[in-house]
Structures are given as C-alpha cells and as structure tokens.
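If you want the building blocks of each chain, they are given just below.
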Amino acid sequence: MNLSYRPLLLGISVLAFSAAVLAGGNHYFAPVADPVVLEECGSCHMAYAPSMLPARSWKRMMGDLGKHFGDDASVDTQTAARIERYLVANAADTGGRQYAGKLLRGVAPDNAPLRITELPKWLREHREVSAREWRHKEVRGKANCVACHSEAARGYYDD
Amino acid sequence: MSRFNIKTLGVVALILSTPVAAGPRDALLTQYAAAAKVATPAFSGFSAARGKTLHSQNFAGGKADTPACGSCHGNDPRAAGRTRSGKAIEAMAVSATPTRYLDPAKVEKWFRRNCNEVLGRACTPREKGDWLTYMTQL
C-alpha cells in the first residue's frame, strides 16, 4: 500500500467510528435535564428521554395529559407549555437526533406514536425478553426501564 | 441603655408569643379548616382517625385498578409505595419522609389527580385535612 494513503484511511476510520457512536450505537439517550420536566414527568414513571420519540409524538401527548395512558397527569398550562417546549426541542427528530439514531426507522412521518415500547426498533431490541420477565414483581411491565437498565436514569441503556 | 434592653425584651417576647410561624403544612391545614367550616358550619376540627379510614378504605367510584390510596401508596404510610408502572413512591408519612407537603401547589395537584382516580370525585376540604392530619401525626 502506498504510504501516503495511511493518514486518509485513519481519518476515514475515525470518522466512521464517530458516526457509529453518534448514530446511537452506544445506547445513550441524554436524560432529562430540566428540573420541572424531571419532576412532572418523573413522578409516576421514569422521566423518559425526549430523544425517544419524535416532536410530533410529544405534541400529541402534551395535548391530552388529562387522559395520559388512562391516568390524569394534567398540569397547569404554564407548566405544560414549558414541558412541551423542552420535549419538542430535544426530540428524536430535533435536538436529540444524535441520540435517537435509528430509533424512528419504520415509523411513518404521519404517525405520532405515544408509546416508546411500540417503536419497531424498541421491539427488535427487546425481542428476547419473555412475558414472564415483563411480569416479574420488580419489573411490572415495559414502562420500568430502570428495572433492567440500572443506569437508565443517567441515560445509559446498555444491556 | 436599660430602656433599650426592655424594648428589645419586649420585641423578643412579642415574637415568641406569636404562634410559631406555621410552616406550609400548617398553612394548608388552616386553609382546609376554613373551607371545611364554610361547607359545614358544625365542623369542629380534623381527625387523624378519619384520615386513616379514608386512606385505607376501598372506593367504588374511581378507577377499577386503583380502588384505594393503598393501591399505589401501600397500606402503611410509613413504608414506600409503588406506582403501577413500577416506580417507587416515597413513604407518605411525614415521620418517614420529612420533605412531604411543603409545597401547597404540589399537594393540591396530587389531591386533584388522586381523589379523582380513587374516589371518582374531588376530595372535600375536610377529607383533605383529615388525611393530611393523619400523615403529619403518624
């Protein structure tokens, strides 16, 4: 090999590596940093990372907090506006794109899913988890990321 | 000089004689008591015993999967509870979680949501006061 190609190849491999990391290959989703969002969205369940759903999903969700997956999660209008602003700005297709990676693959642009656990990519990543494991008393369903991903609150979702 | 001291003493005595600047919890209870009195002129104070009953009884008017406060909070307010999605809830008793009920807006927010879900209606000021009394005295 011609020696002069070496720096170029090195550069390309560094770029490829960074791309892989930035594309979400490392299972990192920046956790919620806004204290109000953390408090309001993290009382009943973990405050899910905004980069786990597209902006249109967050807008749809914030439009019906009175019936939030069957529960009354309503907040005053000022608080709701602040939460929505944060979620929309850091969503999977806006500011949180670098964390979302391929999370939105297979989600139609006119579809605004409300459940992270129904995204095709999420389903694929969790296909090996059995029904019995989801029912385990320390897990209690798919909403409880922390039960298995002990570092989820810090943004890390490695196995 | 001695006049100054007497004056100072007077001010200190005045401060000490005022009921200890009731914290947010007492302010809430005072507010609930006033509202309870308006609703029922015969109202004669909150009862931790009634609060305990309220906390532990089952209601039929709310959501089927949360018939009681204990559905999520557990039956012993001094112990942690757990939401239906699996997240731990810090104990409700002030003796176990001293930071509870210091933000009136937060207290009202949760009464609004939870009374609606468990009882199927808003809680009355007397119910709120009874329950809060139970949680602060436990």
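Located above this text is the structure these notes cover.
Residues numbered from 1 in each chain as written. Chains lettered and ligands numbered in written order. Predicted model: local features only at pLDDT ≥ 70, side-chain atom pairs only at ≥ 80, totals over all residues. Heavy atoms only, no water.

S.K.: Explain the nonpolar core here, please?
M.R.: Nonpolar side chains tend to gather and get buried jointly when the protein is soluble and globular. Residues Met52(A), Leu87(A), Ile116(A), Leu119(A) and Tyr157(A) are the most contacted members of the largest nonpolar core, which totals 34 residues. Secondary structure elements with two or more residues in this core: α3 (55-62) and α4 (77-89) of chain A. If near-sequence neighbours (up to four positions away) are discounted, Leu119(A) is found in contact with Met52(A), Leu53(A), Leu103(A), Val107(A) and Pro113(A). Ranked by size, the runner-up nonpolar core spans 22 residues in total, among them Leu54(B), Cys69(B), Cys123(B) and Met135(B). (Core = buried A, V, L, I, M, F, W, Y, C linked by side-chain atoms within 4.5 Å. Buried < 20%, exposed > 50% of the residue type's maximum accessible area, 1.4 Å probe, protein only. Helix = DSSP H or I, 4+ residues; strand = E, 2+ residues; numbered from the N terminus. Contact = heavy atoms within 4.5 Å.)

S.K.: How do you make sense of the packing of α3(A) against α4(A) when you look at a structure like this?
M.R.: When two helices pack together, their arrangement is captured by the angle between the axes and the distance separating the axes. All names here are of chain A. Look at α3 against α4: their axes get within 9 Å of each other, and the N-to-C directions meet at 165 degrees. One way to sum up the angle between α3 and α4 is to call them roughly antiparallel. In this structure, α3 crosses over α4, and the sense of that crossing is right-handed. Every residue of α4 that contacts α3 at Ala55, Trp58, Lys59 and Met62 is listed here: Ala80, Ile83, Glu84, Leu87 and Val88. In terms of residue class, the contact of α3 with α4 is built from 7 nonpolar, no polar and 2 charged. (Axes fitted to C-alpha atoms, helices over the stretch in contact; angles between N-to-C directions. Parallel < 35°, antiparallel > 145°, perpendicular 65-115°, else oblique. Left-handed = near helix turned anticlockwise from the far one by under 90°. Nonpolar A, V, L, I, M, F, W, Y, C, P; charged D, E, K, R; others polar.)

S.K.: I'm lost on helix α6 (residues 125-137) of chain B in this one. Help?
M.R.: Along an α-helix, residues three or four apart share an orientation, since each turn contains 3.6 residues. All names here are of chain B. The end-to-end C-alpha separation of α6 is 18 Å, in line with the 18 Å expected for 13 residues at 1.5 Å each. Residues of α6 that are buried include every one of Glu127, Lys128, Gly129, Asp130, Trp131, Leu132, Thr133, Tyr134 and Met135, and no others. Among the structural elements, α2 (24-39), α3 (48-56) and α5 (104-118) are those in contact with the buried residues of α6. (Expected span 1.5 Å × (residues − 1).)

S.K.: For this particular structure, what's the right way to read the interface of chain A and chain B?
M.R.: Interface extent is often summarised as the accessible area lost during association of the parts. Counting residues at the interface gives 19 residues for chain A and 14 residues for chain B. Among the residues of chain A in contact with chain B, Cys44(A), Asp72(A) and Arg140(A) are the three that bury the most area, contributing 36% of the side total. Put simply, chain A and chain B have 6 salt bridges between them. Ionic pairing is found between Glu138(A) and Arg82(B), a salt bridge with its closest N-O pair at 3.1 Å. Our count for the contact surface shared by chain A and chain B stands at 13 residue pairs in polar contact (both at pLDDT 80 or more). Of the residues in the side of chain A that touches chain B, the class split is 6 nonpolar, 6 polar and 7 charged. (Buried area = accessible area lost by both parts, 1.4 Å probe. Salt bridge = Lys/Arg side-chain N within 4 Å of Asp/Glu carboxyl O. Polar contact = N/O pair within 3.5 Å; in protein donor to acceptor, adjacent residues only side chain to side chain.)

S.K.: It is not clear to me how the environment of Met46(A) should be interpreted in this structure. Could you clarify?
M.R.: Locating Met46(A) in the fold gives a position in the loop between α2 (35-41) and α3. The spatial distance from the C-alpha of Met46(A) to the C-alpha of Ala153(A) is 7.4 Å, given a sequence separation of 107 residues. Those residues in contact with Met46(A), other than ones at most four positions away along the chain, are Cys41(A), Cys145(A), Val146(A), Ala152(A), Ala153(A), Tyr157(A) and Lys87(B).

S.K.: Sorry if this is basic, but what is going on with the state of the cysteines here?
M.R.: Put plainly, two cysteines are in a disulfide when a covalent bond ties their sulfur atoms together. On inspection of all chains with the given rule, the structure shows 1 disulfide over all chains. For Cys44(A), which is in no disulfide, the shortest distance to another cysteine sulfur is to Cys72(B) and amounts to 7.9 Å. (Disulfide = S-S within 2.5 Å.)

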